[in-house]
Amino acid sequence: MGLLSDPNRRKALTNLLTRLNTPICVVCYLAAIVWFMGLAFEPFTLRTYMSENAMGSTMVEERFSAGERALAAAKEFDAHKRKADGMPVEWLVKAMQARGLEVFTQSFSRKLPFPDENKERYMVRGTNVYGILRAPRAPRTEALVISAPCTPGSTNNQAVGILLGLAQYFRNQVYWAKDIIFLVNEHDLIGMQAWLEGYHHTNITGMEYSPLQGRAGSIQAALSLELSSDVITSLDLVLEGLNGQLPNLDLANLFYAFCQKLSVLCTIQGKLQRNDWDSAEGYTHAAQTMMLMVLKQASGRSWGDHGLFLRYHIEAASIRGINSFRHYKMDATTIGRLLEGMVRKLNNLLERLHQSYFFYLLPSLSRFVSIGYYMPAFGLLAVILLLRALDLWVHLGAPALSEADGVSEAEQPSSPGVLSVLTPVVISHLTGVALYLLPVYLQEIAVEHFPVSETEAVVLTALAIYTAGLALPHNTQRLLSGEGTEQGWKVLKLTSLLYLAVLLGCTALINFSLGFILAVTLVPITASITPHMLKSVSALAMMLLSPAFTIFYCVFIYQELMEAPVSLSEGFTIFLSVISQGILDHALYGSLVYPLLALFVYPCWLMFWNILFWK
Amino acid sequence: MAAHRCGLSLAFILIFSCIAHLGIADTLEKANDTTGEKLSASDAPREVNTDAESVDLNERQWQKTDVEPDTRDDPENSPSFRPAPAKDQFEEELVIRPLHSGDIYASFQFRTLWDVDFQQEGQKASHYRLFPKSLGQVLSKFSVRELHISFTQGYWRTMQWGQPFIASPPGAELWVWFHNTVSDVDGNWRELTNVLSGIFCASLNFIDLTNTVQPSASFKPLGLGNVTDHSFLRYATLPREIVCTENLTPWKKLLPCGSKAGLAVLMKSEKLFHSSFHSQAVHIRPVCQDEQCTSKAWELRQTLNVVFDLYTSGQGKKEWSMFKMFSRTLTEACPLASSSKVYVDVTDNPEGELFELSPATSLLSQAVVLGDRRTYSVYDLTRAETFGQLRSLNLLLRWKGDSGDMLRPLLHAERYVSGFGLQTGEIHTVIYNNHPFRAFPVLLMDSVPWYLQLYIHTLTVTSKSRENKPSYIHYQPAKDRHRPHLLEMLIQLPPHSMTEITVQFERALLKWTEYTPDPNHGFYVGSSVVSALVPSMVAMNTNFTLDQPLFSSFVPVKEESSYFMRVYTEPLLVNLPTPDFSMPYNVICLTCTVVAVGYGSFYNLLTRTFQVDEPSPPLAKRLANLIRRIRGVPLLT
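Since we're looking at a predicted model, the values are computed, not measured.

**Looking at the overall build of chain B**
Then, number 1: Scanning chain B from terminus to terminus reveals 14 helices and 27 strands.
Then, number 2: Looking at chain B as a whole, 51% of its 637 residues are labelled buried.
Then, number 3: Here the analysis covers contacts within chain B between residues at least 6 apart in sequence; of these, 76% occur between residues at least 24 apart.
Then, number 4: For chain B, the exposed area adds up to about 31000 Å²; of that, 56% sits on carbon and sulfur atoms.

Written out as structure tokens, the structure is:
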């Protein structure tokens with residue numbers, strides 16, 4: 001580190017960095033994008049392997065054969081569900097008791113902050129039914145969970161049927177070392193949230209629920225099953241959980257291993273694996289799969305019932321049966337066997353799943369990108385911010401150094417500089433707080449004055465505040481302190497750059513995808529913005545690269561990747577529902593993406609917007 | 001002969017139906033003769049053909065047997081019947097109880113009495129007859145007054161199975177009262193655990209001061225002697241202990257007949273461990289030798305409790321036989337045993353609607369067990385006719401009823417950890433009093449390892465959403481790495497209520513050598529113990545309709561009004577913050593590099609004083625200056 005302590009060489013280095021700053025930044029940005037896209041290229045990725053010894057070498061033999069009976073139970077469940085118009089609690093309790101389980105129920109109710117138009121619910125009232133299969137000679141310290149949601153309509157009946165079939169089969173086996181909880185939850189995620197909060201006796205989202213009567217110790221792993229037809233062609237594995245959390249990779253490996261063993265078609269993100277990695281199509285396919293995972297993870301939503309388990313340090317995944325009219329079909333027995341095998345191996349676990357990776361991206365089920373491989377892509381983007389900050393720092397310091405004799409003089413102009421920075425920072429953040437709080441609180445007033453529904457009111461209020469924020473900062477700035485100085489905007493930009501770098505860095509550590517997507521859109525414009533640019537063009541560019549537009553693009557890319565492209569107006573509708581879902585996810589399950597965007601990312605972006613209109 | 005037997009069975013059925021109508025009204029009379037007379041009298045009008053012999057054979061013999069551990073004295077084994085010279089005595093029994101859930105509960109008890117009094121000075125026992133020498137030596141060497149040790153695999157499901165005869169927590173439990181002559185109790189305790197570890201092939205040597213407590217009130221001596229100074233008591237549990245055949249074999253060796261004769265032949269380990277619950281225990285205590293209590297004797301009581309799951313073993317067929325359950329049948333009693341009996345609980349089955357039992361026995365016995373009056377069919381193995389013609393006893397039980405709903409036992413407790421994350425948490429203990437109108441106090445004992453740092457100021461006790469102030473609290477805080485927390489409370493449980501006790505804790509960060517080899521499994525916290533005097537079912541029964549004469553039912557009998565019960569909650573599995581042990585090398589390399597490079601350069605920058613340094617002139621200039629200095633010309637700059 002003589003490099004820094006030697007003033008000559010330090011000067012040479014800083015000179016080099018300031019002189020070549022822009023080219024280095026451009027190279028870094030391009031390198032980051034290339035690196036990221038290269039992650040999907042098969043030779044650069046690692047093959048998945050089972051790390052956990054307890055699940056690796058011990059092969060289990062699957063003997064579940066009651067698929068037909070399970071489907072019969074599913075039909076019966078369907079009939080009773082129709083009759084009860086919701087969860088057939090009594091029937092389910094009886095059915096589970098008849099299979100030798102200890103059965104308990106939990107009722108819950110939740111009033112949503114505003115009506116959910118996607119699922120058409122506002123006042124939610126429901127009951128979860130769960131049965132515990134007690135393992136012989138086990139002291140109730142560990143448990144596994146198999147869950148199936150009870151959804152309205154004719155979906156997911158087969159999942160409940162297989163659940164009951166498995167319960168009956170498992171009850172007759174002697175090898176269980178962990179209690180197994182069979183859970184049928186109503187109102188999908190809300191019911192699951194109520195059950196998990198009840199099980200762990202916490203209340204983080206204001207849910208009202210009755211306390212649980214039966215427990216089985218600490219839950220080690222959970223599987224959620226979603227199945228809507230008697231025969232299926234492939235099984236899809238869903239891993240993305242709340243706030244972009246992922247289960248241990250060994251759970252995905254386990255699923256893949258059993259799909260291979262039973263020769264079941266398995267997909268991830270609904271995409272089959274291809275073998276032709278060296279062809280352009282093969283690469284595109286892998287890149288699409290990975291991009292889908294990145295988008296889903298970035299959304300911070302729970303993409304299945306499993307997602308809520310992850311908060312409690314319970315490894316969980318959802319398995320979704322897909323019937324896509326291929327030739328090759330599987331019956332319920334095969335699915336039952338697959339689950340049997342997975343549960344038996346999880347039953348063999350001596351410790352929690354911890355051996356394999358928790359941070360990864362999957363371009364296909366058999367290949368993975370670990371954190372060590374994908375983090376450089378983000379690092380290259382973050383470096384740009386730091387380089388720009390360094391450049392500004394040097395520029396700010398240079399005039400002070402030239403007037404070497406007036407140290408005390410140099411401090412005097414800097415103190416109004418600090419104050420001038422403080423005003424836009426505070427105003428931007430107040431706008432952020434308004435964006436976070438007002439949409440939900442103002443919905444009633446909005447509904448009174450405008451002909452919109454509550455949900456539309458919330459979303460449109462949010463958009464209105466977002467747009468109003470664009471007008472606020474630079475106007476107030478001008479009002480408060482008149483014309484900004486040259487040094488003023490540089491100090492502000494320096495602060496904002498470092499703020500953004502820290503913000504994105506922290507986000508990327510927790511949820512890489514979110515951090516990366518934000519960095520890709522925010523970094524180029526924030527790095528290059530100055531008040532001297534052409535206002536109209538640069539303002540348009542900034543608008544188009546603002547967080548709201550990022551969400552808008554993500555909606556389109558996602559639809560494109562799901563092979564369901566939408567027109568602009570449809571896309572806008574989806575965009576609006578995505579915003580309402582984001583606010584709801586925050587209120588119902590504690591998803592952090594909405595507060596992160598409203599309280600931190602948007603104010604940070606506003607600070608840069610402020611720089612553009614500094615003069 | 002066949003016809004004769006047919007006649008006999010017909011007679012029996014008829015008599016049985018008579019009993020069903022009339023005989024149930026029989027009082028709890030001990031005298032066999034009166035009952036016999038009554039029966040024959042009631043038979044007479046209906047069954048004219050019955051000869052005297054068949055009446056004799058089929059007569060119901062009532063006898064009073066008390067299965068309660070403290071007050072046990074069989075009238076059959078009164079001193080007059082006992083062989084005089086050998087004072088040691090051995091009894092064995094097996095109680096089979098078909099459970100509410102359709103499972104089968106088998107409870108073996110073996111009792112050995114030994115006429116030696118260590119407590120008298122100078123007396124040294126060197127002669128052993130029935131009492132195992134290994135245990136006798138332990139008792140004398142470590143001055144043990146009372147010793148209770150249990151090994152349990154599984155958790156007793158109170159909600160499905162009701163109460164066990166003797167409760168025990170999952171894992172190993174050991175509690176010992178030492179004589180008050182012992183000066184170094186901790187030293188004796190340490191040695192004793194190591195010796196017992198050898199005797200029972202168990203990891204009892206892992207009992208040390210970090211998991212030993214001295215309960216002040218929960219564990220009182222069960223034998224003679226009224227000791228109250230709990231400094232001579234040591235209690236420890238190992239919730240992680242796994243019980244298997246290697247613990248069963250040394251336990252069987254303590255029996256006088258080993259596993260060669262008597263009831264112990266049934267103990268085939270591959271069958272005993274193919275069950276839902278398995279618990280074996282050894283209890284040693286001093287008892288009175290006779291009724292006047294002139295001299296003391298040692299009582300060794302070995303118990304083995306197993307619950308067999310009919311559902312899994314029977315492939316859906318709910319049929320159970322001794323052979324199926326133990327893969328053996330009984331052929332003889334242990335020759336050394338003064339009493340050897342098999343009891344089958346038939347209380348819930350007065351007319352055979354729940355299950356069918358064969359071979360039928362004429363011998364019935366009633367006892368008040370855990371506050372409930374139970375009726376048992378008795379098979380006396382010392383009598384030859386028990387074994388029948390095949391010379392073996394194979395009890396057969398055909399289950400007819402459904403497995404019932406969950407029970408609501410009078411006292412029931414459970415425990416769990418709430419919260420998430422690896423920093424803090426909360427222990428919830430929930431105690432249910434399901435008695436409809438009677439409140440009763442319970443004594444709760446919690447021993448929590450030091451690595452869960454309890455915030456005792458967050459302790460709350462609530463019943464019926466109101467604060468319930470414990471009348472007695474004994475709390476001993478933990479010392480890191482030396483001593484666990486001990487919390488004892490006397491709580492009054494209101495009738496028909498749920499009482500919740502919560503206390504928050506913080507998870508400690510262990511030193512890296514203190515983690516177990518499987519740290520991600522979690523760390524165990526032993527069961528908490530709830531001891532209570534529970535109002536008895538018999539006293540609770542206000543519905544005195546059928547079998548009670550009026551004069552007996554107005555004031556409930558004192559000793560039946562409540563009974564002592566101990567309930568253990570489930571142990572807890574708590575995750576502590578665990579470092580990633582799989583990459584110590586990476587961690588060491590990384591930290592060393594960071595420390596070396598980062599610290600070095602920062603230290604350098606912070607401590608170095610910077611001076612503006614004249615750049616040294618080039619060599620040519622220096623040479624030129626040298627020449628100029630010699631010439632006396634002004635130097636170049």
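Let's pick the thread back up.
**Considerations on empty space enclosed by the protein**
Then, number 1: Across all of its chains, the model carries 10 cavities of 30 Å³ or more by this definition.
Then, number 2: By volume, the largest cavity is sized at about 210 Å³.
Then, number 3: Around the largest cavity sit 23 residues that line it, and Glu42(A), Arg274(A), Ala286(A), Pro363(A) and Ser364(A) are the ones nearest its centre.
Then, number 4: Those elements that place two or more of their residues in the lining of the largest cavity are β9 (266-268), α10 (280-299) and β11 (360-364) of chain A.
Then, number 5: The element that contributes the greatest number of residues to the lining of the largest cavity is α10(A), accounting for five residues.
Then, number 6: Residue classes in the lining of the largest cavity are distributed as 10 nonpolar, eight polar and five charged.
Then, number 7: Considering only enclosed or pocket space, the second largest cavity measures out at about 120 Å³ in volume.
Then, number 8: In terms of lining, the second largest cavity is formed by Tyr155(B), Trp156(B), Thr158(B), Gln163(B), Pro164(B), Ile166(B), Ala167(B), Ser168(B), Phe277(B), Arg566(B), Val567(B) and Tyr568(B).
Then, number 9: No other element matches the three residues that strand β26 (residues 562-568) of chain B contributes to the lining of the second largest cavity.

**What to know about the side chain of Gln443(A)**
Residues and elements named next belong to chain A.
Then, number 1: Within the fold, Gln-443 resides in helix α14 (residues 443-449).
Then, number 2: Given a relative accessible area of 9%, Gln-443 falls into the buried group.
Then, number 3: In this structure the side chain of Gln-443 is engaged in a polar contact, spanning 3.3 Å, whose partner is the backbone oxygen of Val-440.

**Some points on the sheet that holds strand β1 (residues 46-47) of chain A**
Residues and elements named next belong to chain A.
Then, number 1: Taking strand neighbours across the sheet as the criterion, the three strands line up as β1-β12-β11 in an open arrangement whose pairing is antiparallel. Looking along the sheet, the strands with just one partner apiece sit at the ends: β1 and β11.
Then, number 2: Across two bridges, the pairing between β1 and strand β12 (residues 367-370) is antiparallel. Bridge pairing in β12 places Arg-47 opposite Arg-367.

**Regarding the pattern of salt bridges**
Should the charged atoms of two oppositely charged side chains come close, the side chains can pair.
Then, number 1: Counted under the stated rule, the structure contains 29 salt bridges over all chains.
Then, number 2: Across the pair Asp188(A) and Lys119(A) runs a salt bridge, and its minimum N-O distance is 3.8 Å. Taken together, the residues Asp188(A) in helix α8 (residues 188-199) and Lys119(A) in the loop between β2 (102-116) and β3 (121-133) connect sequence positions 69 residues apart.
Then, number 3: Here Asp188(A) falls in the buried class, since its relative accessible area comes to 16%.
Then, number 4: Note that Arg111(B) and Glu91(B) form a salt bridge whose closest N and O atoms lie 3.0 Å from each other. Here Arg111(B), found in strand β3 (residues 104-114), pairs with Glu91(B), found in strand β2 (residues 89-98); they are 20 residues apart in sequence, far enough to count as distant. Of the two residues, Arg111(B) and Glu91(B), neither departs from the other in class, the shared state being buried.
Then, number 5: Via salt bridges that share partners, Glu91(B), Arg111(B), Arg285(B), Glu299(B) and Arg301(B) belong to a single interconnected network.

**Things to note about the packing of aromatic side chains**
Residues and elements named next belong to chain A.
Then, number 1: One pass over the full model with this rule turns up 50 aromatic pairs over all chains.
Then, number 2: Seen in terms of ring centroids, Phe-170 and Phe-182 are 6.1 Å apart; in terms of plane orientation they differ by 45 degrees. Their pairing is tilted. With Phe-170 in helix α7 (residues 157-171) and Phe-182 in strand β5 (residues 179-186), this pair connects stretches of sequence that are 12 residues apart.
Then, number 3: Residue Phe-182 is classed as buried on the basis of its relative accessible area, which comes to 1%.
Then, number 4: An aromatic cluster is defined as three or more aromatic residues linked by ring pairs; in this entry it consists of Phe-64, Tyr-169, Phe-170, Tyr-175, Trp-176 and Phe-182.
Then, number 5: When the ring centre of Tyr-199 is taken as reference, the NZ or CZ atom of Arg-215 above it lies at 5.9 Å.
Then, number 6: Residue placement shows Lys-296 over the ring face of Trp-303; its charged tip is 5.2 Å from the ring centre.

**Looking at the nonpolar core**
Then, number 1: Ranked by internal contacts, the top residues of the largest apolar core, which has 193 residues, are Phe36(A), Phe170(A), Phe182(A), Trp195(A), Phe255(A) and Leu346(A).
Then, number 2: Excluding residues that lie within four positions of it along the chain, Phe182(A) makes contacts with Met96(A), Leu101(A), Val129(A), Tyr130(A), Gly131(A), Leu133(A), Ile146(A), Leu163(A), Leu166(A), Ala167(A) and Phe170(A).
Then, number 3: Membership of the second largest hydrophobic core comes to 91 residues, among which are Phe200(B), Ala202(B), Phe219(B) and Ala337(B).

**Some remarks on the state of the cysteines**
Then, number 1: This structure, assessed with the given rule, holds one disulfide over all chains.
Then, number 2: With its sulfur 1.7 Å from that of its partner, Cys257(B) forms a disulfide with Cys334(B). Residues Cys257(B) and Cys334(B) are joined by a disulfide whose S-S torsion is about 65 degrees; by sign, that bridge is right-handed. You can see Cys257(B) sitting in the loop between α7 (245-253) and α8 (269-272) and its partner Cys334(B) sitting in the loop between α10 (322-326) and β11 (339-345), a full 77 residues away along the chain.
Then, number 3: The thiol of Cys554(A) is not disulfide-bonded; the next cysteine sulfur, from Cys604(A), is found 18 Å away.

**Observations regarding the pairing of β5(A)**
Residues and elements named next belong to chain A.
Then, number 1: Extensive coverage of β5 is indicated by the burial of eight of its eight residues.
Then, number 2: Where β3 meets β5, five bridges bridge the pair, whose relative direction is antiparallel. Among the inter-strand pairings, Ile-132 is bridged to a residue of β5, identified as Ile-181.
Then, number 3: Looking at chain direction, strand β4 (residues 142-150) and β5 are connected through eight bridges and run parallel. Looking at the pairing, Cys-150 lines up with Glu-186 of β5.

**Digging into the sheet that holds strand β20 (residues 466-467) of chain B**
All names here are of chain B.
Then, number 1: Pairing is antiparallel across the open sheet formed by five strands, whose spatial order is β16-β17-β23-β19-β20. Only two strands of the sheet have a single neighbouring strand rather than two, namely β16 (411-418) and β20.
Then, number 2: Across eight bridges, strand β19 (residues 452-463) lies against strand β23 (residues 497-507) in antiparallel orientation. Bridging from a neighbouring strand, Tyr-455 pairs with Gln-504 of β23.

**Considering the confidence of the model for chain A**
Then, number 1: Predicted confidence across chain A gives a mean pLDDT of 87, with 93% of residues reaching 70 or more.
Then, number 2: Below pLDDT 50 for its whole length, residues 401-415 of chain A participates in two contacts with residues either more than four positions away or in separate chains.

**What to know about a nonpolar patch on the surface**
Residue and element names in this part refer to chain B.
Then, number 1: A surface patch of nonpolar side chains, about 540 Å² in accessible area, is lined by Leu-619, Leu-623, Leu-626, Ile-627 and Ile-630.
Then, number 2: One can find Leu-619 in helix α14 (residues 619-631).
Then, number 3: Since its relative accessible area comes to 62%, Leu-619 is described here as exposed.

**Focus on a negative patch on the surface**
Then, number 1: Taken together, the side chains of Glu117(A), Glu120(A), Glu444(A), Glu448(A), Glu454(A) and Glu456(A) make up a negatively charged region of the molecular surface.
Then, number 2: For the negative patch, the elements supplying multiple residues, two or more each, are α14 and α15 (454-481) of chain A.

**Quick look at the packing of helix α19 (residues 547-561) of chain A against helix α20 (residues 568-589) of chain A**
Residue and element names in this part refer to chain A.
Then, number 1: Running from amino to carboxyl end, α19 crosses α20 at an angle of 115 degrees, the nearest separation of the two axes being 9 Å. Pair α19 / α20 crosses with right-handed handedness. Together, Ala-548, Ile-551, Phe-552, Val-555, Phe-556 and Gln-559 of α19 and Leu-568, Gly-571, Phe-572, Ile-574, Phe-575 and Val-578 of α20 make up the contact between the two elements.
Then, number 2: For the contact of α19 with α20, the residue count by class is 10 nonpolar, two polar and no charged.

What counts and what doesn't
- Residues numbered from 1 in each chain as written.
- Chains lettered and ligands numbered in written order.
- Predicted model: local features only at pLDDT ≥ 70, side-chain atom pairs only at ≥ 80, totals over all residues.
- Heavy atoms only, no water.
- Helix = DSSP H or I, 4+ residues; strand = E, 2+ residues; numbered from the N terminus.
- Buried < 20%, exposed > 50% of the residue type's maximum accessible area, 1.4 Å probe, protein only.
- Contact = heavy atoms within 4.5 Å.
- Areas by Shrake-Rupley, 256 points an atom, 1.4 Å probe, with all protein chains shown as cover.
- 1 Å grid on protein atoms, 1.4 Å probe; cavity = no way out; pocket = protein on both sides within 12 Å on 5 of 7 lines; lining within 4 Å.
- Points joined across faces, edges and corners; volume = space filled by probe spheres on them.
- Nonpolar A, V, L, I, M, F, W, Y, C, P; charged D, E, K, R; others polar.
- Polar contact = N/O pair within 3.5 Å; in protein donor to acceptor, adjacent residues only side chain to side chain.
- Pairing = 2+ DSSP bridges.
- Salt bridge = Lys/Arg side-chain N within 4 Å of Asp/Glu carboxyl O.
- Phe/Tyr/Trp six-rings, centres within 6.5 Å; stacked < 30°, edge-to-face > 60°.
- Lys NZ or Arg CZ within 6 Å of the ring centre and 35° of its normal.
- Core = buried A, V, L, I, M, F, W, Y, C linked by side-chain atoms within 4.5 Å.
- Disulfide = S-S within 2.5 Å.
- pLDDT = per-residue confidence, 0-100.
- Patch = residues over 30% accessible without salt bridge, like charges linked within 9 Å, V, L, I, M, F, W, Y side chains within 5 Å.
- Lys, Arg positive; Asp, Glu negative; His and termini not counted.
- Charge placed at Lys NZ, Arg CZ, Asp CG, Glu CD.
- Axes fitted to C-alpha atoms, helices over the stretch in contact; angles between N-to-C directions.
- Left-handed = near helix turned anticlockwise from the far one by under 90°.

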